[in-house]
2 protein chains.
Amino acid sequence: MFESAELGHKIDKETFRREEPVLREALLDAQLELVEKKSFPVILVITGVSGAGKGETIHLLNEWMDPRHIQAIAMDKPSEEELERPYMWRFWRVLPPQGKTAIFLDSWYMPAILDRVYGRIKNADLDQAMERVCRFEKMLTNEGALILKFWLHLSKEEQKKRFKKLEKDKSTRWRVTETDWDYHERYDDILQVAEHALRQTSSVEAPWTVIEGTDPAYRSLSLGNILLLNLKNRLEAKELPAPAVALPPVMTAIDDLLILKTLDLSRSLEKTAYKEDLEKYQGKLNLLTRDPRFRNISVVIVFEGNDAAGKGGAIRRVTGALDPRHYRVIQISAPTEEERAQPYLWRFWRQLPRRGKIAIFDRSWYGRMLVERVEGFCSESDWMRSYSEINDFEEQLVRHHTVVAKFWLSISKDDQLKRFESRQQVEFKRFKITDEDWRNREKWDAYEQAACDMIDRTSSVIAPWTLVEANDKRFARIKVLKTLCNHIEEALESLK
Amino acid sequence: MFESAELGHKIDKETFRREEPVLREALLDAQLELVEKKSFPVILVITGVSGAGKGETIHLLNEWMDPRHIQAIAMDKPSEEELERPYMWRFWRVLPPQGKTAIFLDSWYMPAILDRVYGRIKNADLDQAMERVCRFEKMLTNEGALILKFWLHLSKEEQKKRFKKLEKDKSTRWRVTETDWDYHERYDDILQVAEHALRQTSSVEAPWTVIEGTDPAYRSLSLGNILLLNLKNRLEAKELPAPAVALPPVMTAIDDLLILKTLDLSRSLEKTAYKEDLEKYQGKLNLLTRDPRFRNISVVIVFEGNDAAGKGGAIRRVTGALDPRHYRVIQISAPTEEERAQPYLWRFWRQLPRRGKIAIFDRSWYGRMLVERVEGFCSESDWMRSYSEINDFEEQLVRHHTVVAKFWLSISKDDQLKRFESRQQVEFKRFKITDEDWRNREKWDAYEQAACDMIDRTSSVIAPWTLVEANDKRFARIKVLKTLCNHIEEALESLK
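Here the structure is a predicted model, which is why all the values come from computation and not from measurement.

**Observations regarding the overall build of chain A**
On a plain count of helices and strands, chain A comes out with 20 helices and ten strands. Its C-alpha atoms give chain A principal-axis dimensions of roughly 85 × 50 × 45 Å. By residue count, 36% of the 496 residues in chain A fall in the buried class. Counting contacts in chain A only where the partners sit at least 6 residues apart, residues at least 24 apart contribute 83% of the total.

In structure tokens form, the structure reads like this:
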């Protein structure tokens, strides 16, 4: 894989002097068009062996292009806040918006490769990590990102020469560190692991290019030309073809029996029993969140359901049991400009709770499978691929010791009508009912179908949906509290 | 101060039942108008003695108003990332944008009050902290925020009664913690310190209201009515009167001698000497950033100057000496929608570096005193008050062990012309020169005057401006590197 990057590729000075300004100008033009159109973000991954010119390349791109629209991102050790969220959070934090370019030095690759080289993880772990990277990059390209990945290469011999040369000159001596020499020692191991990782993660959408790093002129022109070609290609492309979407497998019923139709909505709770249970489960929830082990987990609660199903009231019964320093309620409505310029899930990643904290989402990332699907706010392939993207997302949460509790509050069509009408009669409830609610009501069946598809495809063992019979508010609230207590209790006990 | 909040204020049930829906409706209407107009953010501070109903009040406001536009903010212990920035960073992170409401529980008051009560800080420290709070709130109100601060009160006797009552009922027992009883013990101390702090921070723009918390009906209606009154007042107000602005004192010269005119722009550096110095100071800078003590400081570098003065080139000579994991270059251009809905300095607060990191601002918060002033993008009072707001901002940085290095790169009018013309001739430099640059050039004198005012008023002992003679690029780059090394060296040595 790396052989042809050890051939001693070279560009003579004259050629470079002739070609560099032409390339620069073309790159600038392409960048300007990208900035103006704001049509997609560009993500460059630059990694490779030490001494092959990774830093210089980033430097050069900053000089060649308009630096106002490029951000170079080199990650240090994760901060405490980063460690308290799923691993990819630190990258989500700094994704470039549409029209901008981010250059990730070493990115999500090098840490995993080095972990393997130094024996901190096993082969299987590396494979899993790379598999997750593939899904992450696929999501990004499906969201429109242009991803180009470069491995800058040097042979072991060349690397040694380069280090020695840098060390000889006292002005560049500081550029060679002990770590660099240590990597040189482990050159063969690094290459072997890298080759495996690169093969596993090279895809049509996010391909790897290996470039020999010995000659700066060759390295720069090669990388610049590939970048230019891809930029122009994408800028000229009319529309991206809709991505092929694989849906998670689901039992399909040949009759018309939808899961939401099987709920017994007549379930209810007496006022006295309700008061007792409310006390009991609010007290229990409070105790659970004060458990010392609670500091090791996070909790994400999702509320979805029919309009007027009582999400707000249920949420207040949950928060009533909590210390206000420990939770945040996140109301999901229209995205902001910054959010619209990012992948769909970005606005939810930015709200993830730290360890020991609870985030309550009043509506959530499931909007894509519900309102956006039914109202046609996104394309069919967008909401279809969101099934697997959301499963990935929740899997990352759960793997990071986050309890994911998802509630669907279900009321009957008749009951909804009663609630709508009563809301219109009480002045201070009028804000809760809009023309949109009435319009949505007309599409009851379509919403029901979408909700059932969503439940079928995203209710997993690790993050199951709880369907809540909500015609009776008291019954619904207690079911929510009780389920939540169970989920948290299980998570605490599984911590050992 | 608290006497009239111990009188046993009460509202009878019937009155409450009559008035509550009216208030709710009016509050909702006002909130809706606020959301639609997006004219200002609302900041409520709710604090007071334990048991006086702070939590319940926040709960109630969430029930009364549309929760999509209210965020309750209760702070836990600061995270590592928060500790690595100036104290107010955690509050800047969560400021509400225009049209939204944030309720800060205890906010920036209670931690300082308790620190004093428990003897962790002295009286003078508390006074200083409250003085800083005053300036912070003043900045917010000048930026248009509506700030209302409530102290919910109980007499010592009432507090005891309330705790006992909660403890008797097993469903509410968990609401009384050991900390609450500890605060009860120190009731008199807390009140004494709080009274002092409240007096010091009650202003026309951000007044305190003390409300007796014994009777929930009285408490809720009182607070709700004050909120309503203030909301309506502000919504009806046409324009806010321009704030009175006090400028930092400056020596005024009666002749026409501007500081920028005193620079000897002919200063230059030979190519050989330049190469030697570049090596020397890049090496030195690199060593300084690898010093173990460097992990205890942050560095903020600001580049301002005439158009085409060579900021980009100077920045690249700095970054060329740095580990890419340790710095970030922040290009300041037009603010995003989220940034426009926040106070002016918000977009810079969000970019502050952690400990051991360097943030390089290519243009900065000084834009307000330069381009925004000259082009009339903001009102006169806006740029005038920015002098003291920016001094406050930088003072917070320096107090937090941040090196603030500010460079003004100065070239002559003739040299600028030469550079503009050469930029237009080289294809790949053309992006660096726009019509706007030519237009700005016509206002050379106005920009020069603005820059001189800025330097006079914001060059402080703790964060001085370095004026860089930049007709000769080599000279300029070395001066920047050398000065930066000195600043960092001083900071490291002062750490002891």
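Let's pick the thread back up.
**Examining the sheet that holds strand S2 (residues 70–74) of chain B**
Strand pairs in the sheet, formed through backbone hydrogen bonds, run parallel or antiparallel to each other. Residue and element names in this part refer to chain B. The sheet built from five strands is open, its strands ordered S2-S3-S1-S4-S5 with parallel pairing. Edge positions in the open sheet fall to S2 and strand S5 (208–212), since each of these has one partner strand only. The average angle at which neighbouring strand axes cross in this sheet is 20°, direction not considered. Sheet analysis places strand S4 (residues 146–153) next to S5, joined by five bridges and oriented parallel. Paired with Trp151 across the bridge in S5 is Val210. Each of S4 and S5 touches helix H10 (residues 216–236); the most contacted strand, S4, lies at about 170° to it.

**Topic: the interface of chain A and chain B**
By convention, interface size is frequently given as the accessible area that disappears when the constituent parts associate. Counting residues at the interface gives 42 residues for chain A, matched by 41 residues for chain B. Among the secondary structure elements, those contributing two or more residues to the side of chain A that touches chain B are helix H1 (13–37), helix H2 (54–64), strand S2 (70–74), helix H3 (80–83), helix H11 (271–290), helix H12 (311–319), strand S7 (327–331) and helix H13 (337–340) of chain A. Of the residues contributing to the side of chain A that touches chain B, the split by class is 15 nonpolar, twelve polar and 15 charged.

**Things to note about the nonpolar core**
Note on soluble globular proteins: their nonpolar side chains tend to be buried together. Judged by nonpolar contacts, the single largest core of 60 residues is most densely connected at Ile301, Ile360, Leu409 and Leu484 of chain B. The dominant element in this core, judged by the number of residues it contributes, is helix H20 (residues 473–495) of chain B, at nine residues. Residues Phe361, Tyr387, Phe393 and Leu397 of chain A belong to the second largest nonpolar core, which totals 59 residues.

**Here we look at unusual backbone geometry**
Its identity is not glycine, yet Ala308 of chain A carries a phi of approximately 70°, on the positive side. For Ala308 of chain A, the position within the fold is in the loop between strand S6 (298–305) and H12. Backbone geometry at Lys38 of chain B places phi at a positive 50°, although glycine is not the residue there. Following the sequence through the fold, Lys38 of chain B ends up in the loop between helix H1 (13–37) and strand S1 (42–48). On the neighbour-count criterion, Lys38 of chain B (12 C-beta atoms within 10 Å) is exposed.

**Section: the relation of the copies chain A and chain B**
At an RMSD of 0.0 Å, chain A and chain B line up after a rotation of 180° and a shift of 0.0 Å along the axis. With respect to symmetry, the two chain copies, as superposed, fit the operation of a two-fold axis. When the interface residues of chain A are mapped onto chain B, 98% of them are again interface residues, pointing to one common binding face.

**As for the environment of Lys165 of chain A**
Residue and element names in this part refer to chain A. Locating Lys165 in the fold gives a position in helix H7 (residues 156–168). Assessed through the 12 C-beta atoms surrounding it within 10 Å, Lys165 is described here as exposed. For the pair Lys165 and Val176, spaced eleven residues apart in sequence, the C-alpha separation works out to 9.9 Å.

**Regarding the domain arrangement of chain A**
Residues and elements named next belong to chain A. Parsing chain A into structural domains produces domain 1 (3–236) and domain 2 (259–494). For domain 1 versus domain 2, the distance between C-alpha centres works out to 41 Å. At the interface, 16 residues of domain 1 touch 16 residues of domain 2. Looking at the side of domain 1 that touches domain 2, the elements with two or more residues in it are helix H4 (89–92) and helix H6 (123–142). It is H6 that contributes the most residues to the side of domain 1 that touches domain 2, four residues altogether. Along the lines of polarity and charge, the residues of the side of domain 1 that touches domain 2 split into eight nonpolar, two polar and six charged.

**A word on the pairing of strand S9 (residues 402–410) of chain A**
Residue and element names in this part refer to chain A. The buried fraction of S9 is high, at nine of nine residues. With burial as the criterion, each face of S9 is covered, one bearing Thr402, Val404, Lys406, Trp408 and Ser410 and the other bearing Val403, Ala405, Phe407 and Leu409. Sheet topology note: the S6/S9 ladder contains eight bridges and is parallel. Within S9, the position partnered with Ile301 by the bridge is Ala405. Of the strand pairs in this sheet, S9 and strand S10 (residues 465–469) are connected by five bridges, and their pairing is parallel. Within S10, the residue paired with Leu409 across the bridge is Val468.

Thresholds applied
- Residues numbered from 1 in each chain as written.
- Chains lettered and ligands numbered in written order.
- Predicted model: local features only at pLDDT ≥ 70, side-chain atom pairs only at ≥ 80, totals over all residues.
- Helix = DSSP H or I, 4+ residues; strand = E, 2+ residues; numbered from the N terminus.
- Buried ≥ 20, exposed ≤ 12 C-beta atoms within 10 Å, placed from the backbone.
- Contact = placed C-beta atoms within 7 Å.
- Pairing = 2+ DSSP bridges.
- Axes fitted to C-alpha atoms, helices over the stretch in contact; angles between N-to-C directions.
- Nonpolar A, V, L, I, M, F, W, Y, C, P; charged D, E, K, R; others polar.
- Core = buried A, V, L, I, M, F, W, Y, C linked by C-beta atoms within 7 Å.
- Least-squares fit on C-alpha atoms with pLDDT ≥ 70 in both.
- Domains from an automatic or database assignment.

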